[in-house]
Amino acid sequence: MLTRPECTLAKALKDLDNCLAKTYELYHYLMKLPVELTHIQEMRLDEARNKYLPTEEELNPNTKFVDNQLVKALASNEMLQQFAQEHTVTWNDDPIFERLMLDKIIKSDDYNDYMNSQETGMEADSMVWQQLMKHVILPDELMAETIEQKSLFWTDDDLDLVGQFVCKTFRRIADGAEDAILPMFKDDEDSDFGKNLFTAAVTMMPENNALIDELVQDSRWDKDRIVLMDRIIMCAALAELRTFDKIPAPVTLNEYIELAKNFSTAGSGQFVNGILNNAVKKLNKEGKIFKR
């Protein structure tokens, strides 16, 4: 039988797996959105064309948006179709959101510039959806509220990060990459990294906390005034420094300093930078790591 700490760690690792899986699911939701919004616009054009006494513009609409080659590629991609079926990935359960988002897209400068442009082809069709993602969809407050309602695992930060991967995928499709749809993990090493880092961060936390307190005291900071998020970030950074020999120290430091800037206080970046740099010097001197 597992002891209590082991049970807690096992549960935390399971939660981590669930969180990563849900993040990948969000990637597929964002990939699905252009397809479903385009379908709605296509139905709108058909309804306008078939209504009583349609205008000349309604009879002969500009179909550039609904003929978008990127959207057609997304709609026909077998990998995306299979994932959507297995995980019920759809926005159709929220038609109000879909209509409002489509209206915002149609009113946007990116949409109108695209519709009025003479450029055609996959590159232009991919670019407009990259711009719509960055300028209309991802920053939208209703979008943030909607994804948070869909899953407790999704936040604004997830939306921004996953949105970058979606735009990268759109570029890869335009470039003709055969493996344009990104896998959840690029390989087994990538799959194991998060679990190994989390386990190291938890098991080494007492030792790393003691090191942080020592360095803070040497720097004449009050350890009791350390922001909790700063301490968590530094413990994870120290675990990475001491566990993953192939990752250079500057790479680790840069990543965690950026995390401190983005997720903690205004002065956290500078504080974490100073403590971690001193930690690298001390650990190298003691022969506990061999990194510069």
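The sections below set out a description of the structure shown in this document.

Cut-offs and rules
Residues numbered from 1 in each chain as written. Predicted model: local features only at pLDDT ≥ 70, side-chain atom pairs only at ≥ 80, totals over all residues. Heavy atoms only, no water. Phe/Tyr/Trp six-rings, centres within 6.5 Å; stacked < 30°, edge-to-face > 60°. Helix = DSSP H or I, 4+ residues; strand = E, 2+ residues; numbered from the N terminus. Buried < 20%, exposed > 50% of the residue type's maximum accessible area, 1.4 Å probe, protein only. Lys NZ or Arg CZ within 6 Å of the ring centre and 35° of its normal. Core = buried A, V, L, I, M, F, W, Y, C linked by side-chain atoms within 4.5 Å. Lys, Arg positive; Asp, Glu negative; His and termini not counted. Salt bridge = Lys/Arg side-chain N within 4 Å of Asp/Glu carboxyl O. Contact = heavy atoms within 4.5 Å. 1 Å grid on protein atoms, 1.4 Å probe; cavity = no way out; pocket = protein on both sides within 12 Å on 5 of 7 lines; lining within 4 Å. Points joined across faces, edges and corners; volume = space filled by probe spheres on them.

**Focus: the packing of aromatic side chains**
For the coordinates displayed, the defined rule picks out eight aromatic pairs. The interplanar angle of 15° and the centroid separation of 5.6 Å between the aromatic rings of tyrosine 24 and tyrosine 27 together place this pair among those described as stacked. With tyrosine 24 and tyrosine 27 both in helix α1 (residues 4-49) and three residues apart, the pair spans about one turn of that helix. Judged on exposure class, the residue tyrosine 24 and its partner tyrosine 27 are both buried. The structure contains a cluster of three or more aromatic residues connected by ring pairs, namely Tyr29, Trp91, Phe97 and Trp154. Taking NZ or CZ as reference, lysine 64 lies 4.5 Å from the ring centre of tyrosine 114, over its face.

**With respect to the nonpolar core**
Within soluble globular proteins, side chains that are nonpolar generally end up buried alongside one another. Of all hydrophobic cores here, the largest spans 47 residues; its most connected members are Leu30, Phe65, Ile105, Trp129 and Met143. When residues of this core are traced back to their parent elements, those giving at least two are α1, α3 (69-76), α4 (78-87), α5 (95-107), α6 (109-116), α7 (122-137), α8 (141-150) and α9 (156-174). Here this core gets 11 residues from one element, more than from any other, and that element is α1. Membership of the second largest hydrophobic core comes to 32 residues, among which are Ile233, Phe271, Leu276 and Leu283.

**Things to note about the side chain of aspartate 158**
Structurally, the position occupied by aspartate 158 is in helix α9. Buried charge without a salt bridge: aspartate 158, with lysine 22 as the nearest opposite-charge side chain at an N-O distance of 11 Å. Sequence-distant contacts of aspartate 158, that is, excluding residues within four places in its chain, are made with Leu26, Phe153 and Gly163.

**Focus on the layout of surface pockets**
The calculated volume of the second largest pocket comes to roughly 330 Å³. Lining the second largest pocket are 15 residues, and of these Gln41, Leu45, Glu57, Pro61 and Tyr111 sit closest to its centre.

Geometric descriptors of this kind do not, in isolation, establish any biological role.
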